[in-house]
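Coordinates in review
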Amino acid sequence: MASHQLRELSTSFLTLTLSSEAETRQLAEDIALILKPGDVLCLSGDLGAGKSTFSRALIRNVAADYDLEVPSPTFTLVQSYDLARLNLSHFDLYRLEEPEELEELGLEELLDDGAALIEWPEKAEELLPDTALWLQFQHGDDEDTRQAVFFSEDPVWQERLEATLEIRAFLEGALGTAWERYHLAGDASLRTFERIEKGGESLVLMRWPFSGSALPELVRAYMDKVHLAKDCRSVAAVGQELRKIGIHAPAVRAADYEKGLVLSEYLGSETIVIDGKAVPERYFAAVDVLAAMHAHDFPETVQLDTGDTYQVPLYSIDALIAEASLFLEWYVPEMNGEPASEHSKAEFEALWRQALDACSTAQTGWVLRDFHSPNLLWQEQADGTDRIGIIDFQDTVIGPVAYDVASLLLDARTDIDASSENALYDAYVKARTEQSDSFDSQAFSNAYSIMAAQRITKILGIFVRLARRDGKSAYLGHLPRMEAYLDRVLASPVLSELKKWYQQYRV
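Here the structure is a predicted model, which is why all the values come from computation and not from measurement.

1. Some words on the overall build of the chain
The helix and strand inventory of the chain stands at 16 helices and 20 strands. For 507 residues, the compact-globule estimate of 2.2 N^0.38 gives 23 Å, and the chain sits close to it at 26 Å. With respect to the principal axes defined by its C-alpha atoms, the chain has extents near 85 × 50 × 40 Å. Across the 507 residues of the chain, 51% fall into the buried class. Long-range pairs, those at least 24 residues apart, make up 70% of the contacts in the chain with a sequence separation of at least 6. A total of about 23000 Å² of accessible surface is found on the chain, and carbon and sulfur atoms cover 48% of it. Of note, the chain has its 45 positive side-chain charges centred 4 Å away from the centre of its 85 negative side-chain charges.

Here's what the structure looks like:
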């Protein structure tokens, strides 16, 4: 049988030995988890070398459905899958008569929002993008063994493959064998998540990509300025202390802090919102969690089980202003069609510094920073504060605790009307007043308004940045909600001077 070789590329960068069909399926799973729109994966090799096994496993993993029917596209030439995570097109070019027919099949258009898996790529290799990953399956020394040889003219593929294989090695060390990896939707950060299934148990694997030279210097400088966590020790440290006082944070099963990998308990996917609507019972339960947290003094330095220590940073005024300034950098040009003037920037900073100084008498403590519906997972069978599972707390800082209350009551992802906000606010104040004679309701009220305005201002900038810099245009759909929240909180007397600034410089 003739061997069908890949086009001439400079050199292979990786060769893996696959000793069974199960290992071929595992490799497909590893690669499925790193696929993104625009990717082209070219499969070559003799008949029976494993291309079909690999293709079916990859498509089923992206679909998160291992019973999915995956027909061969030998006669149709292309089979497209409209999947929740990633559109995927499976090509088989064996029957292609002319390379130009590939253009008629619409490869370029399909790559706009999806990835392509191409068997027999040699039939149209000159029309395939230079950024493609080429994978050749070769027969090994015995009937079951295969060699998987990787080529690409794009060096980024080597980094991506090394990352996913590193995760597999970590999971093998933590869990042994007989587990499956699935993509898990994450947040707006660069972190990636997977759901790991083993013996009926679900876990979450988080990969923290912020170490070494993985980030541009400007991004790292901003993270330092606003006190975003530098490594994943923060996840273990904050979660450990929350669990000590009975707050339901996921327990860490295994971790490699140097490689940025954390395997933890899976708390499900049901939040405090149903069909886009806030569920009052769940929001009031979340208020109870905040009240319980704010009745407790958390440490500035956390001692981890590994012997490491983690220092929880202070939410400084400079950090709060730097975050709010994203509004100037991204939102103002988006709305006004031109950058903010130097004069308006100077006024903005001065007014915010004055407002934040007014928080000095308010209670400070741990601020989880993103205490809102996407990160609050409803535990139907639990009681009390255990009904709220908390995730995404790695950037915890020490600052005005009113920040997290404002984050919940003015939820960036769902509409909270003024009457609901007031009811939740009153429930929090009532709980804190009953817990402590020293609770200062006026200081809290001022801090709540100021922190709400700061967070909303920051988020307006972030959502425009996500849309314009990162291509995540869906975030623009949240702007009207955040703008309405901003108008609501600026009615507070403590923000009267800032209100004048926003009225002058907002379109």
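Anyway, onward from the coordinates.
2. Brief notes about the packing of helix H9 (residues 317–324) against helix H10 (residues 326–336)
At a minimum axis separation of 5 Å, H9 and H10 run at an interaxial angle of 10°. One element, H9, and the other, H10, form an angle in the roughly parallel class. Contact residues: H9 offers Ala322, Glu323 and Ala324, while H10 offers Leu326, Phe327 and Leu328. Looking at the contact of H9 with H10 residue by residue, the class counts come to 5 nonpolar, no polar and 1 charged.

3. A look at unusual backbone geometry
At Ala64, a position not held by glycine, the phi torsion is positive, near 55°. Relative to the elements of secondary structure, Ala64 occurs in the loop between helix H2 (51–63) and strand E3 (78–81).

4. As for the sheet that holds strand E8 (residues 180–184)
A sheet is described by the order of its strands in space; here 5 strands give the open sequence E8-E9-E10-E12-E11, paired in antiparallel fashion. The sheet is open, and its two borders are formed by E8 and strand E11 (252–256), each paired with just one other strand. The mean angle between the axes of side-by-side strands here comes to 20°, regardless of whether they run parallel or antiparallel.

5. Quick look at the pattern of salt bridges
Tallied over the full model, the rule gives 29 salt bridges. Between Arg25 and Glu21 there is a salt bridge, and its shortest N-O distance comes to 3.4 Å. Taken together, the residues span about one helical turn, with Arg25 and Glu21 both in helix H1 (residues 21–32) at a distance of 4 residues. A salt bridge links Glu342 to Lys345; the shortest N-O distance between them is 3.5 Å. Taken together, the residues span about one helical turn, with Glu342 and Lys345 both in helix H11 (residues 342–357) at a distance of 3 residues. Here Glu342 falls in the exposed class, since its relative accessible area comes to 60%. Overall, the relative accessible area of 32% leaves Lys345 in the partly exposed class. Salt bridges here are not isolated pairs; linked through shared partners, they connect Glu29, Asp30, Arg168, Arg181 and Glu194.

6. A word on helix H12 (residues 402–409)
Counting buried positions along H12 gives 8 out of 8 residues, so the element sits mostly inside the fold. The inward-facing, buried residues of H12 contact helix H8 (280–294), strand E17 (364–367), strand E18 (376–378), strand E20 (397–400), helix H13 (418–435) and helix H14 (441–468).

7. Here we look at the sheet that holds strand E6 (residues 133–139)
Pairing is mixed in the open sheet, where 7 strands are placed in the order E1-E7-E6-E2-E5-E4-E3. In this open sheet, the two edge strands, each paired with only one partner strand, are strand E1 (14–18) and E3. When strand polarity is set aside, the average angle formed by the axes of neighbouring strands in this sheet is 20°. The sheet contact formed by E3 and strand E4 (residues 87–92) spans 4 bridges and is antiparallel. Considered in E4, the bridge of Tyr81 is made with Leu88.

8. A closer look at the layout of surface pockets
Of the pockets and cavities examined, the second largest pocket occupies roughly 440 Å³. Elements represented by at least two residues in the lining of the second largest pocket include exactly H1, H2 and E4. Residue contributions to the lining of the second largest pocket peak at 5 residues, all from H2. In the lining of the second largest pocket, the residues fall into 7 nonpolar, 10 polar and 8 charged.

The rules behind the values
Residues numbered from 1 in each chain as written. Predicted model: local features only at pLDDT ≥ 70, side-chain atom pairs only at ≥ 80, totals over all residues. Heavy atoms only, no water. Helix = DSSP H or I, 4+ residues; strand = E, 2+ residues; numbered from the N terminus. Rg over C-alpha atoms; globule rule 2.2 N^0.38 Å. Buried < 20%, exposed > 50% of the residue type's maximum accessible area, 1.4 Å probe, protein only. Contact = heavy atoms within 4.5 Å. Areas by Shrake-Rupley, 256 points an atom, 1.4 Å probe, with all protein chains shown as cover. Lys, Arg positive; Asp, Glu negative; His and termini not counted. Charge placed at Lys NZ, Arg CZ, Asp CG, Glu CD. Axes fitted to C-alpha atoms, helices over the stretch in contact; angles between N-to-C directions. Parallel < 35°, antiparallel > 145°, perpendicular 65-115°, else oblique. Nonpolar A, V, L, I, M, F, W, Y, C, P; charged D, E, K, R; others polar. Pairing = 2+ DSSP bridges. Salt bridge = Lys/Arg side-chain N within 4 Å of Asp/Glu carboxyl O. 1 Å grid on protein atoms, 1.4 Å probe; cavity = no way out; pocket = protein on both sides within 12 Å on 5 of 7 lines; lining within 4 Å. Points joined across faces, edges and corners; volume = space filled by probe spheres on them.

These values are about where atoms sit, not about what they do.
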